[in-house]
Amino acid sequence: MYQAIIIDDEKWVVKSLMATIRNQEYFQIVEEFYDGLSGLEYIRAQEPDLAFVDVRIPGMGGLDILQAAHTEGLKTLFIMISGHAEFAYAQKAMFHNAIGYCLKPFSRNELLDSMQKAWRILNEQGPETSAPPNSLRDGFHPRHLTSSHKSVQAMIDYTENHYREDISIQDLADHCSINANYASQLFKHETGTSFISFLTALRMEHAEWLLSHTADPVFQIAAAVGYSDYFYFARVFKKVKGYTPTSYRKSVKGEDAAEEEVSEQNNI
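Residues numbered from 1 in each chain as written. Predicted model: local features only at pLDDT ≥ 70, side-chain atom pairs only at ≥ 80, totals over all residues. Heavy atoms only, no water.

Draft legend 1. Structural context of the overall build of the protein chain. Helix and strand counts for the protein chain stand at 13 helices and 5 strands. Within the protein chain, buried positions represent 45% of all 268 residues. When contacts within the protein chain are restricted to residue pairs at least 6 apart in sequence, long-range pairs at least 24 apart make up 63% of them. For the protein chain, the accessible surface area stands at approximately 13,700 Å², while carbon and sulfur atoms represent 49% of it. (Helix = DSSP H or I, 4+ residues; strand = E, 2+ residues; numbered from the N terminus. Buried < 20%, exposed > 50% of the residue type's maximum accessible area, 1.4 Å probe, protein only. Contact = heavy atoms within 4.5 Å. Areas by Shrake-Rupley, 256 points an atom, 1.4 Å probe, with all protein chains shown as cover.)

This is how it looks when you write it as structure tokens:
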């Protein structure tokens, strides 16, 4: 696991950040600093893999730390944190090679997105020996559906935990020890949607996230979200989202993937 530090003059902010990113497997927080100079001295001496740094710290501020590290050629990656959504700060931070700019109060998804970016950069520089298991799924958090009906909630939970596998309404029925036809009717009555629609929505939501946040090949993403047939996945994705998977990725990442897109279009 890679090592990270936090530099912020407010202890409650440090604790809030640590609580927000707990239970992730990308970075271990190894030190906390409450003034900029101490943090910079540690970065110079130890060169941690990642530093979370507040933009506004009395004395030596976060941008000063970032500029010094950039000038001195230090290898530490930086995620800037701030309570101010000010373009000028973000612009200066990106100019000095910060990889993320996260606002308080913290969003776990926003922080994890930046941490995953840092993790990928570090892996490209040199493979991490303790890479997170199941890295395709880490960082994705599907919207959780709830029901007051015990059996329906059990079916929802089962689907949310197994949607990447080849599952059917029969599997849910067996899990709840009820008839498959009854399970199908009960699920739709209680949730307002069919099991297959719910399953497809989970898979598409995860696929959309992977296309936006990773560089994994589309065929690998298809398999990761439960489809063994790449072209069937592409057809379902286009039907649900209005784009082929490659077109969607190009729209959010600006990638040039024309050859793959033609292949998808010809088989849809």
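Draft legend 2. Representation of the packing of aromatic side chains in the model. Applying the stated criterion to the full structure yields 11 aromatic pairs. Between Tyr26 and Trp119, the aromatic rings sit 5.4 Å apart at their centres with planes inclined by 75 degrees, giving edge-to-face as the arrangement. Highlighted residues: Tyr26 in the loop between α1 (11-20) and β2 (27-33) and Trp119 in helix α5 (residues 108-125), separated in sequence by 93 residues. Take Tyr26 and Trp119: they sit in the same class, and that class is buried. Arranged with centres 6.4 Å apart and planes meeting at 70 degrees, the rings of Tyr243 and Tyr248 form a pair that is edge-to-face. Tyr243 sits in the partly exposed class, given a relative accessible area of 40%. Grouped by ring-pair contacts, the aromatic residues Tyr227, Tyr232, Phe233, Phe237, Tyr243 and Tyr248 constitute a single cluster. The ring of Tyr227 carries the charged tip of Arg203 above its face, separated from the ring centre by 5.0 Å. (Phe/Tyr/Trp six-rings, centres within 6.5 Å; stacked < 30°, edge-to-face > 60°. Lys NZ or Arg CZ within 6 Å of the ring centre and 35° of its normal.)

Draft legend 3. Seen up close, the pairing of β2. Pairing of strand β1 (residues 2-7) with β2, which is carried by 6 bridges, proceeds in the parallel orientation. If you follow Ile7 over to β2, its bridge partner there is Phe33. You can see the chain leave β1, run along α1 and come back into β2, and the turn it takes is right-handed. (Pairing = 2+ DSSP bridges. Right-handed = clockwise from strand over helix to strand, strands pointing away.)

Draft legend 4. Quick peek at the nonpolar core. Of all hydrophobic cores here, the largest spans 34 residues; its most connected members are Met155, Tyr227, Phe233 and Phe237. Taken together, the elements giving at least two residues each to this core come down to α6 (150-162), α7 (169-176), α8 (180-191), α9 (195-213), α10 (218-224) and α11 (230-241). Considering each element in turn, this core owes the most residues, 9 residues, to α9. With near-sequence residues (within four places) excluded, Tyr227 lies in contact with Thr200, Arg203, Met204, Ala222, Tyr232, Phe233 and Val236. Counting 23 residues, the second-largest nonpolar core is a separate cluster that includes Val13, Ile21, Leu50 and Phe106. (Core = buried A, V, L, I, M, F, W, Y, C linked by side-chain atoms within 4.5 Å.)

Draft legend 5. Main features of the packing of α9 against α11. α11 packs onto α9 with a crossing angle of 95 degrees between their chain directions and a minimal axis gap of 11 Å. If you check the angle between α9 and α11, you find them roughly perpendicular. Each of Thr200, Met204, Ala207, Glu208 and Leu211 in α9 lies in contact with α11, whose residues at this interface are Phe233, Val236, Phe237, Val240 and Lys241. The class makeup of the residues in the contact of α9 with α11 is 7 nonpolar, 1 polar and 2 charged. (Axes fitted to C-alpha atoms, helices over the stretch in contact; angles between N-to-C directions. Parallel < 35°, antiparallel > 145°, perpendicular 65-115°, else oblique. Nonpolar A, V, L, I, M, F, W, Y, C, P; charged D, E, K, R; others polar.)

Draft legend 6. Spotlight on the sheet that holds strand β4 (residues 77-82). Spatial ordering of the open sheet is given by β2-β1-β3-β4-β5, a layout of 5 strands whose pairing is parallel. Each edge of the open sheet is held by one strand with a lone partner, namely β2 and β5 (100-103). Going from strand to strand, the sheet's axes swing by 25 degrees on average, the running direction of each strand aside. In the sheet, strand β3 (residues 50-54) pairs with β4 via 5 bridges, with the strands oriented parallel. Each bridged residue has a counterpart across the sheet, and for Ala51 the counterpart in β4 is Phe78.

Draft legend 7. Up close: unusual backbone geometry. Note that the residue after Lys104, namely Pro105, is joined by a cis bond; omega there is -5 degrees. Structurally, the position occupied by Pro105 is in the loop between β5 and α5. Of note, the phi angle at Glu47 is positive, near 45 degrees, even though the residue is not glycine. Its location among the elements puts Glu47 in the loop between α2 (36-46) and β3. Overall, Glu47 belongs to the partly exposed group, its relative accessible area being 34%. If you check the backbone angles, Ser177 has positive phi at about 60 degrees while not being a glycine.

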